[in-house]
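Chain residues, written in single-letter form:
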Amino acid sequence: MITIMLKDMTINRWTDVNVLYQIYPRSFKDVNGDGVGDLAGITEKLDYVSDVLGVDAVWVSPFYPSPQTDCGYDVSDYYGVDPLFGSMADADTFIAAAHAKRIKVMLDLVPNHTSDQHAWFQESRSSRASAKRDWYVWRDIPNNWRSISGGSSWTYDETTGQYYLHSFMPSQPDLNWENPQVRAAMKDVIRFWFSKGVDGFRVDAVWVLSKNTAFPDDPVNDRYEGSKDDFGAYIHRSCKNGPRLVEHLRDLVSVTSEYSDKYFLFEYYPDEQLGDVHAQICALHSVAPGLAAPMYFEGLHQPWHAEHVGRTLTDYLRTLPDGVRPSFCFSNHDQPRLVGRYSEAQARLVAFMQMTLPGLPVMYYGDELGMEQVDIAAERMKDLFEKTIDSGGRDPERTPMQWDGSLTGGFTTGTPWLPVPKSAAWKNVDSEYGDPQSWLTLYQQLLQLRREPLWQRGSFTVVDTDTGYVLAYARELDGQRYYVALNYADAAQICALPEAIVDVVAMTHPGAVTVRSDGRVSLEGFGAAVLVPRAGQGSPVVPSP
C-alpha cells in the first residue's frame, strides 16, 4: 500500500492542486444509520481521501435544503444545509477538517434554477405585481422550447395565469439572469460560502444561463426519429447558449476579486448543432483565465481509436488561451462510470490517460476502486428526473461507496438508499488496500506521480509510435521528459518512441509493459505505461505529423 506523504502543511493554491475528487454526499458514508450519506460521514473519511489517495481538493455535490426532486439540484435555500445531510455546524466542521488535512473544498452552485419551493419563487408566483416577479421567466404564451427532462419547458401557473420557464423539471423554475438583482443575489450566495472557508464552486448547467430574450421557436431537428416532445426533436439555437453567457459567467466569477485563491469550474456540454465544439469550449475558457474553466467532457464519448483520441486531445489543447488549465472529467454523478462504458482493462487505460494529461483531472468517488454500474430495479429507483424521460436513470452510477466487503459495503449500519452490488465483496477499500494489481494501488501510484509539476503544467506532444494502435505523448517541463504510451488494441503491440526507453515508472498493471534491449516498448493488450527515455533531458520532442 502506498501512503502519500505530503511535503508540508500548506494547502496548495489552485494552480498547484493535484486532483479534484467528486464526492456525492448521499453515497459516500452514512454515520447516523439512516441509509443516506451525510456530512459527518465525509468528515470521518477525510483520512482516506488525503492520506491514502493523496487527494488535495474535493468537490461535494449539493447538500442545501431541497425537496430532492432532483437529488438536491433543486435548491430551496442556498444558505442552509438539508437535515438529510446534517446541520450547518456539520458543514463548518467538515470545511475546517478538510483544511486541516490540506484539502481544498469546492461546493456545487446551481445558478440557473431553484426549487419551486424556494422563497424567491413562492413570492414570484404570488402575484404579477410581486417584487420578485421578474426574478423568473414568465410569459402569456409559451414557445416550442423543450425541457431536458422531456416535454415543454413551460408550465402554466393558475395563480397568475401565466407560464413559467423551466429548462429542466417543472419543479425547477429558471431564474431570469437578465435581471441584475438575480445576478447580485447569486453573488451574495457565493460570498456567504466563501466567508465560511469554501475554496471554489463547480457551477451547474451553465449553458442555459443565457437565452434568446426574444423567445423565438427553436427549429425542428429533421434528423430526429423520436417523439416531437423530446428534447432532441429540436435544434436548440435559442433556449440555451445565449449571447450573454460569457458576460453572465464573467460577472459571477468577478466575486473572486474580493478573495484570495478561489476557483470556479463550469459544467458545460458543447452542442455540435450550434457550430465548432472547440470554439464553444474556448469561449468559456476566456471567461476568467486562471480563475475559472469549463470541464472537458469530450472524452466521455470518443470512439475507441488511438489516433482519433490523439488528434482530439491535440486539437483541444493547442487551441486553449494562454494561462488556462484544462480539467478532464471522464465520469461523474450524471454519466456512467468508467467500468460501465468500457471493459475493466479498457477502463484502466482511460483512467491512466486521464491522470497523465495536463491540468486538473476530476475523478469520481469509487472510480479508484473500479466500482461498476449497478442494475437498479424499478421499485428502487430514486432518480425522479430521469424517470421522466425513461432513460434508465442515473442511479446506477450513484450507488454507495464500497469501504469493505460487508453486505452494505461499510457504507451504513442501516439500509442503503441504493443497493450495494455483489462485486463490493472484492471491490472495496479494505480488499484493494495493498494489492499491487488493484485499482486503488493504480490510482495511488498515479496521484503520487502527479505531484511532480511536470504532470500538471508540462507540455503535451503526441508522438509517432510506428503503429496506429498505440497512442503516445511526451510530457515535458524544464528539460525533464516522460513518455506515456497507451495500447488501444486488445493484443500486445511493440512501439518505437522518439528516444530509447530505459525505465518504467508506472503502468496499468504489473507486467503491462516490457522495455526491450533495443529501447522499444512492448505493451500488453490495453496496457499503458509512463516511460523514462535514455536522454531524459535532450532536445524538445518533435510532434507526430
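Residues numbered from 1 in each chain as written. Predicted model: local features only at pLDDT ≥ 70, side-chain atom pairs only at ≥ 80, totals over all residues. Heavy atoms only, no water.

Asks: Account for the overall build of the chain, naming residues and giving values.
Replies: Each helix and strand counted, the chain has 15 helices and 19 strands in total. For the chain, the C-alpha atoms occupy an extent of roughly 80 × 50 × 45 Å along the three principal directions. Taking all 545 residues of the chain together, the buried fraction comes to 60%. Taking the intrachain contacts of the chain between residues at least 6 apart in sequence as the baseline, contacts between residues at least 24 apart amount to 70%. Summed over all atoms, the accessible surface of the chain reaches about 20200 Å², with 50% contributed by carbon and sulfur. Distance between charge centres in the chain, computed from 48 positive and 71 negative side chains, equals 3 Å. (Helix = DSSP H or I, 4+ residues; strand = E, 2+ residues; numbered from the N terminus. Buried < 20%, exposed > 50% of the residue type's maximum accessible area, 1.4 Å probe, protein only. Contact = heavy atoms within 4.5 Å. Areas by Shrake-Rupley, 256 points an atom, 1.4 Å probe, with all protein chains shown as cover. Lys, Arg positive; Asp, Glu negative; His and termini not counted. Charge placed at Lys NZ, Arg CZ, Asp CG, Glu CD.)

Asks: Lay out the packing of aromatic side chains with the relevant residues and their values.
Replies: Under the definition given, this model contains 40 aromatic pairs. Aromatic pair F28 and W403: ring centres 5.2 Å apart, planes at 80°, arrangement edge-to-face. With a gap of 375 residues between them, F28 in helix α1 (residues 25-28) and W403 in the loop between α12 (384-387) and α13 (429-432) connect regions that are remote in the sequence. The burial state of F28 is the same as that of W403; both residues are buried. Measuring from centroid to centroid gives 5.7 Å for W207 and Y269, while their planes differ by 75°, and the two rings are edge-to-face. With W207 in the loop between β7 (200-203) and α7 (245-253) and Y269 in the loop between β8 (263-266) and α8 (277-285), this pair connects stretches of sequence that are 62 residues apart. When its relative accessible area of 9% is taken as the criterion, W207 is described as buried. Through successive ring pairs, a cluster of aromatic residues spans F63, Y64, Y78, Y79, W120, W135, F192 and W193. Over the ring of W439 we find R348, and its NZ or CZ is 5.3 Å from the ring centre. (Phe/Tyr/Trp six-rings, centres within 6.5 Å; stacked < 30°, edge-to-face > 60°. Lys NZ or Arg CZ within 6 Å of the ring centre and 35° of its normal.)

Asks: Give a detailed account of the pairing of strand β9 (residues 292-296), specifying residues and quantitative values.
Replies: Burial runs high along β9: five of the five residues are buried. The pairing of β8 with β9 spans three bridges and is classified as parallel. Bridging from a neighbouring strand, F264 pairs with A292 of β9. Of the pairings in the sheet, the one linking β9 to strand β10 (residues 327-328) comprises two bridges and is parallel in character. If you follow Y296 over to β10, its bridge partner there is F328. Assessed by its sense of winding, the connection that carries the chain from β9 through helix α9 (residues 306-318) to β10 is right-handed. (Pairing = 2+ DSSP bridges. Right-handed = clockwise from strand over helix to strand, strands pointing away.)

Asks: Tell me about the sheet that holds strand β1 (residues 20-23), residues and numbers included.
Replies: Taken in spatial order, the eight strands make up an open sheet running β10-β9-β8-β7-β3-β2-β1-β11, and their pairing is parallel. The open sheet is flanked by β10 and β11 (362-364), the only strands paired with a single partner. In this sheet, β7 lies alongside strand β3 (residues 104-109) in parallel orientation, the contact comprising four bridges. Along β7, the bridge assignment pairs L109 with V203.

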